[in-house]
Amino acid sequence: MLRAVSDTPILAAEISNASFAWPGGRGVEDVSLQVARGQIVTLLGPNGAGKSTVLKLLSGEINPDRGSVHVRGRPHSPEVRRGIGLVLQEPSTDDLMTLEETLTLHGRLFGLRGAALRERSAALLDALQIGDRATDRCETLSGGLRRRLDLARALLHEPELLLLDEPTLALDPDSSAAIWSALRERAAAGAAIVVCSNDTSEAESNADRVVIINGGRIQAEGTPSQLTANLRRDALELEWPDASDTDIAALQAWNEIGSVLRSADGLHLNVDGAVETVPRLFQQYGARISGIRIRESSLRDAWFQIVGVAMSDGEEVS
């Protein structure tokens, strides 16, 4: 269940009309983004859409070529960065250190000492369900457990802004659930959280706000319910390789069909009801449709309508 968000949120971070180009011309263009305290914001897009570039701007790893970035109302500085927690896409733990040693080292870098550091470390490891591995070396951890440790390390100094790059990518359900539980708890305590993802289901279930980014530009943003508000009830994915422009035009005239988009294997339809539409499709087009997938409309379909291509077909733009 999503938390209620204040009508007058307190901003934790803001990007204003920022552009940044990597060598070769890729990057982001004229991006503006506000992140409020207590919010989980998901940057949703395919690999290469520009999500990680936005995260690097927020973390202070890079500075914009144009525009500005402020965290807690101030430009980046060493003091500002101490209030940021960062979880990268690849685990960054030392195989020869134990979990306890990893958190102790990180805590000392942020000025934590003694009993307070030990208690905070133990509480986080327990919350992420890896407390029983505290004295194990990191080399013994699976990928999912390493991600939990990365998150514990990022949360140790109680950051006001937490940035995560695909934190649950390729993880087992238990690890994903543990990570999202910890993120929701931190957001409830007032932290602002920004997550890069290409998982529409995860974004729809967990984000207070979703920012759709593709080709280095923000295409749309809003709550999951706002982004899906104009969808019809069901989505149909048709395997129909030889669908023509004439076929598409004919389907667009059907009252029960809201949109018709071309996908990699055929067509994507958003319809009032699959029960009524599917028999009519096969009656009219028969064997030309070689397969069909039926599901309730979701944020995945909103992405398709806004961007015009399926998530897996997105253009790579670093």
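Residues numbered from 1 in each chain as written. Predicted model: local features only at pLDDT ≥ 70, side-chain atom pairs only at ≥ 80, totals over all residues. Heavy atoms only, no water.

Trainee: Could you give an account of the sheet that holds strand 4 (residues 66–71), with specific residues and numbers?
Mentor: Taken together, the three strands give an open sheet; going across it, the order is 2-1-4, and neighbouring strands pair in antiparallel fashion. Single-partner strands in this sheet number two, and they are strand 2 (27–36) and strand 4. Neighbouring strand axes in the sheet, compared pairwise and without regard to direction, differ in orientation by 15 degrees on average. In the sheet, strand 1 (residues 11–21) pairs with strand 2 via seven bridges, with the strands oriented antiparallel. Bridging from a neighbouring strand, Ile15 pairs with Leu33 of strand 2. (Pairing = 2+ DSSP bridges. Helix = DSSP H or I, 4+ residues; strand = E, 2+ residues; numbered from the N terminus. Axes fitted to C-alpha atoms, helices over the stretch in contact; angles between N-to-C directions.)

Trainee: Break down the sheet that holds strand 7 (residues 192–197) for me, citing the residues and quoting the values.
Mentor: Read from one edge of the open sheet, six strands run 5-6-7-3-8-9, paired in mixed fashion. Across the chains shown, the open sheet's two edge strands, defined by having one partner strand only, are strand 5 (84–87) and strand 9 (217–222). Geometrically, the sheet is characterised by an average inter-axis angle of 15 degrees between neighbouring strands, direction not taken into account. Looking at chain direction, strand 3 (residues 40–44) and strand 8 (residues 209–214) are connected through four bridges and run parallel. Bridge pairing in strand 8 links Thr42 to Val210. Helix-sheet contacts for helix 1 (residues 51–59) involve strand 3, strand 5, strand 6 (161–165), strand 7 and strand 8, and the interaxial angle to strand 6 is about 150 degrees. Along the sheet face, helix 6 (residues 173–188) touches strand 3, strand 6 and strand 7 and points at about 150 degrees away from the line of strand 7. (Contact = heavy atoms within 4.5 Å.)

Trainee: Kindly report on the environment of Ala12, identifying the contributing residues and their values.
Mentor: Positionally, Ala12 belongs in strand 1. Using a relative accessible area of 5% as the deciding quantity, one classes Ala12 as buried. A sequence separation of 94 residues divides Ala12 from His106, and the C-alpha atoms of the two residues are 23 Å apart. When sequence neighbours within four positions are dropped, the list of residues in contact with Ala12 reads Val35, Ala36, Arg37, His70, Val71, Arg72, Glu160 and Ala192. (Buried < 20%, exposed > 50% of the residue type's maximum accessible area, 1.4 Å probe, protein only.)

Trainee: Describe the nonpolar core, with residues and values.
Mentor: Formed by 29 residues in total, the largest nonpolar core has its most connected members in Leu125, Leu149, Leu151, Leu162, Leu164, Leu183 and Ile193. Those elements giving two or more residues to this core turn out to be helix 3 (99–109), helix 4 (114–127), helix 5 (143–155), strand 6, helix 6 and strand 7. Among the elements that line this core, the one with the most residues is helix 5, at six residues. Not counting chain neighbours up to four residues away, the residues in contact with Leu151 comprise Val87, Leu128, Leu162, Leu164, Ile179, Ala182 and Leu183. Listed in part, the 28 residues of the second largest apolar core include Leu57, Leu58, Ile84 and Leu161. (Core = buried A, V, L, I, M, F, W, Y, C linked by side-chain atoms within 4.5 Å.)

Trainee: A description of the pairing of strand 9 should follow, citing residues and the corresponding values.
Mentor: Looking at chain direction, strand 8 and strand 9 are connected through five bridges and run antiparallel. Bridging across to strand 9, Ile212 finds its partner in Ala220. Hairpin connection from strand 8 to strand 9: two residues lie between these consecutive antiparallel strands, with Gly215 at a positive phi of about 60 degrees.

Any functional reading would require information that these geometric values do not contain.
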